[in-house]
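# Structural characterization, general
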Amino acid sequence: MRPPKIGKGFWVEFGLIAVFIMIALLSLSSWVRRTGGELPLSGEEYLTRADRFLAQGRMADAMVASWYARLKDPDLLKARYDIAVIYYRNQWTFEAMDDLNEIIRRDPNNVDALLLKARILGEHGEVEKANGIYLNVIDIGPDNAEAHYYLGVNFQASDPKTAERELRRAIECDPTLKPHILEDHPFGLKARLQLGRLLYNKGDLDGALAVLEEGYMLDPNYQELKSQLVDYLKVKAQTYQTGHRDYSKSLQCYEKVVSIDPNDADAWEWIGKINRYYLNDYEGALKAYKKAYELTKDPYLIADIKEAELHLKEEKNKKDR
């Protein structure tokens, strides 16, 4: 791996590292005062604490608990791995790699260490080496969602067919959407997002929408997937307008957009236009135009609102005669 360049944020990062180390040392000194240097718990018990602290984002406490576990049992590879995870999350990748290489030296089939090493290599541009490790992980355990996911991501540009296969396998291997300590979303959901993009890029818009809609139903709060789904629904709506002249189906796409994102002013405006100009539904148009104006305060929409109101008023007067 190439050494990182020192940029403008170096001293900020250095300060954060110093604060982290200070907190960890304060925790360590507090333990020494309380226990006189004794370790009352087992290594496994300290590991349980470390994992809990990691899940809570308490990195300094997790580091100290992992150190305790390692002091209690120097052969406890999980303690060394937890320390590597903390190094990685603080962007100390070279220190993380030292611990990971030691774990792998002692246990060549340690999947957690192999996956983290591959992740670091990939982030440093050594994608081929990372892919080799991911393939090794799959040899060890064919149903590893993380390895399949990153192979799918890494092959998207060079080998879309392989990428699609790996992303589908990642989805299959994560049916319960298991959380991951280093990811904001489970691999089963992330794979759906990447697969949707891949299918769209190869011209399969319907396939992309199906995959993304499935992901949205599983987790409506996955913002990146939600935004991608909305974008592709708008593309589908435009296809119905320009290619098929099927304005009812175009309207359905925009209605689906606002059901996903009620604050999408562009979709509301299109709902108004389609209802007004192609479906002769002035009531639906008025409702949509008002919603679009509420969101944007665009003065041009006032004319559309007034026109729809005037038409509805004239229609009412005709009925009352």
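Here, every reference points to the structure presented above.
The rules behind the values
Residues numbered from 1 in each chain as written. Predicted model: local features only at pLDDT ≥ 70, side-chain atom pairs only at ≥ 80, totals over all residues. Heavy atoms only, no water. Helix = DSSP H or I, 4+ residues; strand = E, 2+ residues; numbered from the N terminus. Buried < 20%, exposed > 50% of the residue type's maximum accessible area, 1.4 Å probe, protein only. Contact = heavy atoms within 4.5 Å. Axes fitted to C-alpha atoms, helices over the stretch in contact; angles between N-to-C directions. Parallel < 35°, antiparallel > 145°, perpendicular 65-115°, else oblique. Left-handed = near helix turned anticlockwise from the far one by under 90°. Nonpolar A, V, L, I, M, F, W, Y, C, P; charged D, E, K, R; others polar. Salt bridge = Lys/Arg side-chain N within 4 Å of Asp/Glu carboxyl O.

### Examining the side chain of glutamate 164
You can see glutamate 164 is positioned in helix α9 (residues 160–172). A relative accessible area of 16% places glutamate 164 in the buried class. Contacts of glutamate 164, omitting those with residues within four sequence positions, involve Leu195, Leu198, Leu199 and Lys202.

### Brief notes about the packing of helix α10 (residues 187–201) against helix α11 (residues 205–218)
Taken N-terminus to C-terminus, the directions of α10 and α11 make an angle of 165°; their axes are 7 Å apart at the nearest point. Classed by the angle they form, the pair α10 and α11 counts as roughly antiparallel. For the pair α10 and α11, the sense of crossing is left-handed. Here Leu189, Arg192, Leu193, Leu195, Gly196, Leu199 and Tyr200 of α10 come into contact with α11, specifically with Leu205, Gly207, Ala208, Val211, Leu212, Glu214, Gly215 and Leu218. Class assignment for the residues of the contact of α10 with α11 results in ten nonpolar, three polar and two charged.

### Quick look at the pattern of salt bridges
Scanning the model with the defined rule gives 27 salt bridges in all. For glutamate 102, the salt bridge is made with arginine 106, and the minimal N-O distance between the two is 2.9 Å. Placement of the pair is glutamate 102 and arginine 106 together in helix α5 (residues 93–106), with a separation of four residues, close to one helical turn. A relative accessible area of 35% places arginine 106 in the partly exposed class. Of the charged contacts in the structure, one is a salt bridge between lysine 190 and glutamate 183, with a shortest N-O distance of 3.2 Å. Taken together, the shared-partner salt bridges in this structure form one network comprising Asp75, Glu102, Arg105 and Arg106.

These figures come from the coordinates and say nothing about function on their own.
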